[in-house]
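These are the residues of each chain, in order.
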Amino acid sequence: MSTLRKLMKEKGYTRIKLKTTATNHLELKAKINKVEGNFILDTGASSSCVGIDTAEYFKLFAEDSDVKAAGAGATDMLTQVSLKNELKIKDWKKKKVSLVLFDLSHVNQALENHNADQVHGIIGADMLEKGKAVIDYKSNCLYLK
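Residues numbered from 1 in each chain as written. Predicted model: local features only at pLDDT ≥ 70, side-chain atom pairs only at ≥ 80, totals over all residues. Heavy atoms only, no water.

In the nomenclature of an unreviewed UniProt entry, the chain corresponds to Aspartyl protease from the organism Mesonia algae.

Now the structure itself:
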């Protein structure tokens, strides 16, 4: 066992194995409201988000939002927001999670163009901060507390 892994275990962190996609993104499985999906880990995304087309799938109650989404080659996209959700990544769980919903089709089209699996959403800096995240690039792992 690596020194980092041992230290993180002692500090009470959950270790989550990450998968590197064909596009060099880090991917992980997570559950929103007990429903599993595929997510990209994105330290540059301020908010965690899901595709607007997955609202029913993840049992989300969505409201229109004044926030315009930008990123990954698209700007000024209309968004919705869903409050009070449960997010679970392996054994790490957070309640009362707010998620931004917007059209992720451009992201999934880019992934598909590189023969990578489509994703349901993005785990962003908001959750990484809540979980005091440590990313171990050498072992392709995420640690959350």
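Now, onward.
### A few points about the packing of aromatic side chains
By convention here, two paired aromatic rings are described through the distance between centres and the angle between planes. By the definition in use, this model includes two aromatic pairs. With a centroid separation of 6.0 Å and 40° between ring planes, the pair formed by Phe39 and Phe58 is classed as tilted. Of this pair, Phe39 sits in strand S4 (residues 35-41) while Phe58 sits in the loop between strand S5 (49-51) and strand S6 (62-71), placing them 19 residues apart in sequence. Each member of the pair, Phe39 as well as Phe58, is classed as buried. The interplanar angle of 75° and the centroid separation of 4.8 Å between the aromatic rings of Tyr57 and Phe58 together place this pair among those described as edge-to-face. (Phe/Tyr/Trp six-rings, centres within 6.5 Å; stacked < 30°, edge-to-face > 60°. Helix = DSSP H or I, 4+ residues; strand = E, 2+ residues; numbered from the N terminus. Buried < 20%, exposed > 50% of the residue type's maximum accessible area, 1.4 Å probe, protein only.)

### Thoughts on helix H2 (residues 105-113)
Those residues of H2 that fall on the buried side of the exposure criterion are Val107, Asn108 and Leu111. The buried side chains of H2 occupy one side of the element, clustering within an arc of 90° when seen end-on. Against the buried residues of H2 lie S4. Just downstream of H2, Asn115 is the residue with a positive phi angle, here 55°. (Arc of directions from axis to C-beta. Contact = heavy atoms within 4.5 Å.)

### Quick word on the environment of Asn115
Along the chain, Asn115 falls in the loop between H2 and strand S9 (121-123). For the pair formed by Asn115 and Ala22, sequence separation is 93 residues and the distance between their alpha carbons is 6.8 Å.

### As for the sheet that holds strand S10 (residues 134-136)
Pairing between the strands of a sheet is mediated by backbone hydrogen bonds and can be parallel or antiparallel. The strand order across the open sheet built from three strands is S1-S11-S10, with neighbouring strands paired in antiparallel fashion. Of all strands in the sheet, those bounded by a partner on one side alone are strand S1 (14-17) and S10. Strand-to-strand twist of the sheet, defined as the mean angle between neighbouring strand axes without regard to direction, takes the value 25°. Of the pairings in the sheet, the one linking S10 to strand S11 (residues 141-144) comprises three bridges and is antiparallel in character. Among the inter-strand pairings, Ile135 is bridged to a residue of S11, identified as Leu142. Strand contacts of helix H1 (residues 3-10): S1, S10 and S11, with the helix running at about 20° to S11, the strand carrying the most contacts. (Pairing = 2+ DSSP bridges. Axes fitted to C-alpha atoms, helices over the stretch in contact; angles between N-to-C directions.)

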